[in-house]
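Residues per chain, in single letters:
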Amino acid sequence: MEPINNNMLDGIRNYLSMESTGALMVSGEWGCGKTYHIEKVVMPALQQDGWNPVKVSLFGIESVNEMPLRIADNYKRPENNEVDGTKKEKKKSWLSSLGKEKAGKALAKGAQFASKISWLGNFVDVETLVNNNSGLLYKLIPTEKTVIILDDIERVIDTIDVHTLLGAINDLVEHRGYKVVVIANNSYMQQKDEAKLVFKEKVIEKTLVYEPDVVSIFKELCGKNCISPFTEFMTAQKAVKVIDPCFPSYKEDKGLRVELHNIRILKFALAHFCKIYEVCNVFLKNENKDLADRFLLSLWASTVGVSIEYKKDRLTYKDRSQFSQYVELSTIDWEFDDGGRKADGLLDEMREDEAVEKQKEEKQREYTNRRVTYIFEKLVKAHDFPVIVSPQMFDFVTAGMSLDKDALKAVWEGYKSQEQRNSTNPAYSLLEKLMHSQWNMSNEEMVDAVIQLAQYVEEGKFCDNMAYVNSATYLQHFCSLTSLSQKDMQTKIVSGIDKMYANVSSLSLLDKMNLDVLENDIPKESRWVVEYERKKMDEIAAKNLNDDIKEARRQFNEDLPSLANRLTIQYGDTKTPDFLSYPILSHIPMEDIVNKVNIIQPKEVMALYQILNGRFLQQVPYPQVYDAELPFVRNLEQALAQKQKNKTTYADILIEDCLKGVIKKIKNRKRW
């Protein structure tokens, strides 16, 4: 059972014990458990005190004339007042049996409606009662020791005239003498429109704000079924502090604190992580426990973050790509501003021409990046958990997709490999310390760390682009702690990048994509490093380009299905398509296209369909690449129109059924 909120219960008891001229309002945020607390804690306690609480939902009523019938429906007469003390009928709500039929329509049915109140027929002619005045029902409900609890008040305050509602509740309190408690949403009632102001001023005598004991409720939810390794893990301090609104780093973030009070979101996150834990536990059983726990804690924190963002409509499944591309960046800006919690008004009113649409997409992309960064900054790194990006978790939370155990295991193996690298490579270990806990260093330790990092960078001890970008941020920002100048630091950075690329023969497209995606988020003082790394990649690409072009032409002429598989993503693939950033198809000459079309086989038709559909309609490469490859599509269309036809083949039918249709779709795009 939920722990008793003594302040709330005492406040209600005080209201009930005093003379009053208005109702008591119990307010709290959406989903914080107000109604649940009233039903499971407050009402049983009041019953023990001798009160008869009558809780009524106002959801769906169209007239205040329906309120007496709702109240009568939910009123439970004390057992010692039963006419026949030997019969205890089940107190089943007759109103719920009406299904979707509105209470207002039921009221018009008169006796048929009221006759469902099982105990009413013992006292009155229900038909006459209802036909004359439903308010007469109050005559049968004693005022002494009866407290009427009205829930969902915000659902009717905008549909029923506020003055009419005001009169109905005042009638209950001032004229009929009932004690009335109103349950309402805090943020909604704080809005400054006239109806809510009038309602609070004229109806509400006092307000109690309900804030649930989130930690106690969370622990209760974790142990609801049985004691298990999952329960032990989730109720330990490190997992609990993720959802504790009182955690110190949440202090200045009112929005996050409010969202952590939302018990519905908490249940949602916990239910999803329980499944993630079960899947991960299969391959973590024999792994290092400390390492496995940190992996799971990171997934738990990011699950909470994604659940909040998803439930608040700030992230959806369509944002999975940007979530998957998140890379941890060094920063010298200790305050993270979430940039606004709503995606409202992102150019929604602007004309939908191509330029504006592009601007709108860019705004949305920036917004999504900030929301993703917010999750890792506020809910993962704030607890000193490792940054682990799991697209599988994101898909599961935002779209209910089945958890892929092998893919989750691959995420674990990547994290384990990174930790092993950090433990054996002192350069990465130092960089991680600077990124996660530099504020714990003394003045002397910070100086030593910067000097040591400069040495590691100059010697080329790192083996990825982002490590040099992140190191450059610290070296340039803190160079004043050393005897080195900004120019000295830049020289060391260039030297290290040169050493790294001296050992690189083939490029990782993911590295280049990370630089492109994150460039605007990288501190300005380190963006020149990104440009220098691009230059080094371009040099390597130029050396390999001639061989790539020759191989692409060979595959087009001799093995078209293999070329299609290189250029596109197929279902279940985890690889990145080749040449997303280079227009390789622009190097297929018209002569090769004509020759291929004239001798084309069915599987080659489908390979061309795969290339066109994947590269031009689905996994569209960079705009400049797309534009540069359009002549290939035009040449193919021309070659198909000129195709020699001695007799119709199966390939010809596939061309008409599939290939020409996808060419038409590409032509309909504006760049054609």
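K.L.:
What am I meant to see in the environment of E432 here?
P.N.:
Here E432 lies in helix 20 (residues 426–437). The partly exposed category is assigned to E432, whose relative accessible area is 22%. Sequence separation of E432 and P386 is 46 residues, and the distance between their C-alpha atoms is 9.7 Å. Ignoring sequence-local partners within four residues, the contact set of E432 consists of E419 and N422.

K.L.:
Can you help me understand the nonpolar core in this one?
P.N.:
Soluble globular proteins: nonpolar side chains tend toward being buried together. The biggest cluster of nonpolar side chains holds 63 residues, and the ones touching the most others in it are F273, F295 and W300. For this core, the element with the highest residue contribution is helix 14 (residues 263–284), accounting for 13 residues. Grouped together as the second largest cluster of nonpolar side chains are 38 residues, A454, V457, M500 and V529 included.

K.L.:
Please explain unusual backbone geometry as it appears in this structure.
P.N.:
With glycine set apart, most residues show a phi of negative sign, and most peptide bonds adopt trans. Notably, K145 is not glycine yet its phi reads approximately 65 degrees, a positive angle. With respect to the helices, strands and loops of the structure, K145 is situated in the loop between helix 6 (126–132) and strand 3 (146–151). Judged by its relative accessible area of 37%, K145 is partly exposed. Phi angles above zero are rare outside glycine, and D152 is one such case at about 65 degrees. In this structure, D152 sits in the loop between strand 3 and helix 7 (162–175).

K.L.:
Even after reading the chapter, I still don't get the pattern of salt bridges, so can you show me in this structure?
P.N.:
Once their charged atoms are close, side chains differing in charge can pair, the charge on each being opposite to the other. Counted under the stated rule, the structure contains 27 salt bridges. The residue E377 makes a salt bridge to K381 at a minimum N-O spacing of 3.4 Å. Accessibility expressed as a relative area gives 16% for K381, which makes it buried. As a salt-bridge pair, R534 and E531 come within 2.8 Å of each other at their nearest N and O atoms. Residue R534 and its partner E531 are located together in helix 25 (residues 527–558), separated by three residues, close to a single helical turn. A residue is classified by how much of its surface remains accessible, and R534, at 14% relative accessible area, is buried. Each member of the salt-bridge network shares a partner with another, and the members are E259, E309, R314 and R371.

K.L.:
I tried to follow the packing of helix 15 (residues 289–311) against helix 19 (residues 405–424) on my own but got confused; where do I start?
P.N.:
Between two packed helices, the angle of one axis relative to the other and the distance separating the axes together describe the packing. Between helix 15 and helix 19, the least distance of the axes is 11 Å, while the angle of their chain directions is 120 degrees. One finds that helix 15 runs oblique with respect to helix 19. Judged by the twist between their axes, the crossing of helix 15 over helix 19 is right-handed. Contacts from L291, A292, R294 and F295 in helix 15 reach L408, V411, W412, Y415, K416 and E419 in helix 19. Among the residues making up the contact of helix 15 with helix 19, the classes are represented as seven nonpolar, no polar and three charged.

K.L.:
What's the story with helix 30 (residues 650–667) in this structure? I'm lost.
P.N.:
Every α-helix carries 3.6 residues per turn, so stepping three or four residues along brings you back to the same face. Look at helix 30: 25 Å from first C-alpha to last across 18 residues, which is about the 26 Å you get at 1.5 Å a residue. The largest bend along helix 30 measures about 40 degrees and falls at E656. Where helix 30 is concerned, the buried positions are A651, D652, L654, I655, L659, V662, I663 and I666. In this structure, the buried residues of helix 30 make contact with helix 28 (602–618) and helix 29 (623–641).

K.L.:
How should I be thinking about the pairing of strand 1 (residues 23–28) in this particular structure?
P.N.:
Side chains on a regular strand alternate between the two faces of the sheet. Within strand 1, six of the six residues are buried, leaving the element largely enclosed by the surrounding structure. Burial of the side chains of strand 1 extends over both faces: A23, M25 and S27 are buried on one face and L24, V26 and G28 on the other. Where strand 1 lies against strand 5 (residues 204–209), five bridges are found, and the strand directions are parallel. Paired with M25 across the two strands is T207, which belongs to strand 5. Sheet topology places strand 1 next to strand 4 (residues 179–185); five bridges connect them, and they run parallel. What sits directly across from G28, in strand 4, is N185.

K.L.:
Please explain helix 21 (residues 443–458) as it appears in this structure.
P.N.:
Spanning 16 residues, helix 21 covers 23 Å between terminal C-alpha atoms, matching the ideal 22 Å at 1.5 Å per step. The complete set of buried residues in helix 21 reads M446, A449, V450, L453, A454, Y456 and V457. Taken around the axis of helix 21, the buried residues stretch over an arc of 165 degrees, which confines them to a single face. Every exposed residue of helix 21 that faces more than 90 degrees away from the buried side is listed here: E444 and D448. Buried residues along helix 21 sit against helix 20, helix 22 (465–477) and helix 23 (486–502).

About the criteria used
- Residues numbered from 1 in each chain as written.
- Predicted model: local features only at pLDDT ≥ 70, side-chain atom pairs only at ≥ 80, totals over all residues.
- Heavy atoms only, no water.
- Helix = DSSP H or I, 4+ residues; strand = E, 2+ residues; numbered from the N terminus.
- Buried < 20%, exposed > 50% of the residue type's maximum accessible area, 1.4 Å probe, protein only.
- Contact = heavy atoms within 4.5 Å.
- Core = buried A, V, L, I, M, F, W, Y, C linked by side-chain atoms within 4.5 Å.
- Salt bridge = Lys/Arg side-chain N within 4 Å of Asp/Glu carboxyl O.
- Axes fitted to C-alpha atoms, helices over the stretch in contact; angles between N-to-C directions.
- Parallel < 35°, antiparallel > 145°, perpendicular 65-115°, else oblique.
- Left-handed = near helix turned anticlockwise from the far one by under 90°.
- Nonpolar A, V, L, I, M, F, W, Y, C, P; charged D, E, K, R; others polar.
- Expected span 1.5 Å × (residues − 1).
- Bend = angle between axes of the 7 residues up to and from the residue.
- Pairing = 2+ DSSP bridges.
- Arc of directions from axis to C-beta.

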